[in-house]
Amino acid sequence: MLDPAMQDWRKIVGKNVRRIRQKRGISQEKLAFEAEIDLTYVGGIERGKRNPSLLVMARIAKALAVPLTDLIAE
């Protein structure tokens, strides 16, 4: 069973990715392409269902042109 705290972090990261992506007017498809990850994986991250690695989060941050810390800010 997952630790509830880990579930919260996945949701925080997902909410931040979605908020920043939408603010920049970028589609999930474009983000997936720019970050070199699968489109369905982007959707899973944004829904808080996936647990992206640090490398994946760094690629997403680069694609969104934000510091990595913006993805984990509460």
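What counts, and at which threshold
Along each chain, residue indices are assigned from 1 in the same order as the chain's sequence is written. Local features in this predicted model are restricted to residues of pLDDT 70 or higher, and side-chain atom pairs are both shown and tallied only at a pLDDT of 80 or more, whereas totals for entire chains, interfaces and linings draw on every residue. Working from all heavy atoms in the structure, the side-chain values ignore hydrogens and water. Helix and strand labels come from DSSP, where a helix needs a run of H or I of at least four residues and a strand needs a run of E of at least two; each type is numbered from the N terminus. Note on exposure labels: buried denotes an accessible area under 20% of the residue type's maximum, exposed denotes more than 50%, and partly exposed covers the range between, all computed with a 1.4 Å probe on protein chains only. The contact criterion used is simple: two residues touch if any of their non-hydrogen atoms lie within 4.5 Å. His residues and chain termini do not enter the charge count, which takes Lys and Arg as positive and Asp and Glu as negative. Charge positions come from single atoms, namely NZ of Lys, CZ of Arg, CG of Asp or CD of Glu. As used here, the arc is the angular range of directions from the helix axis to the C-beta atoms.

Caption draft 1: View of the overall build of the chain. Across its full length, the chain carries 5 helices and 0 strands. Scanning the chain from its N terminus toward the C terminus, one meets helices and strands in the order α-α-α-α-α. For the chain, the C-alpha atoms occupy an extent of roughly 35 × 20 × 20 Å along the three principal directions. Taking all 74 residues of the chain together, 38% fall into the buried category. Pairs at least 24 apart in sequence give 57% of the contacts found in the chain among residues at least 6 apart. The average position of the 14 basic charges and that of the 9 acidic charges among the side chains of the chain differ by 3 Å.

Caption draft 2: Spatial organisation of helix α2 (residues 28-35). Every buried residue belonging to α2 is among L31, A32 and A35, and all of these are buried. Looking straight down α2, one finds its buried side chains confined to an arc of 100°; they lie on one side. Of the residues one or two after α2, E36 is the one with positive phi, at around 60°.

Caption draft 3: Highlighting unusual backbone geometry. Despite not being glycine, E36 shows a phi value in the positive range, around 60°. Within the secondary structure layout, E36 lies in the loop between α2 and α3 (39-46). The backbone phi angle of A65 is positive, close to 60°, even though this residue is not glycine. With respect to the secondary-structure elements, A65 resides in the loop between α4 (54-64) and α5 (69-72).

Caption draft 4: Structural view of the environment of A65. On the basis of relative accessibility, which here comes to 60%, the residue A65 falls in the exposed class. Measuring from C-alpha to C-alpha, the distance between A65 and R21 comes to 9.9 Å, with 44 residues separating the pair along the chain.

Caption draft 5: Examining the environment of V13 more closely. Counting through the fold element by element, V13 comes out in helix α1 (residues 4-23). On the accessibility criterion, V13 (7% relative accessible area) is buried. Here the alpha-carbon distance between V13 and D70, two residues 57 residues apart in the chain, equals 8.8 Å. The residues contacting V13, other than those within four sequence positions of it, are I45, P52, M57, L71 and I72.

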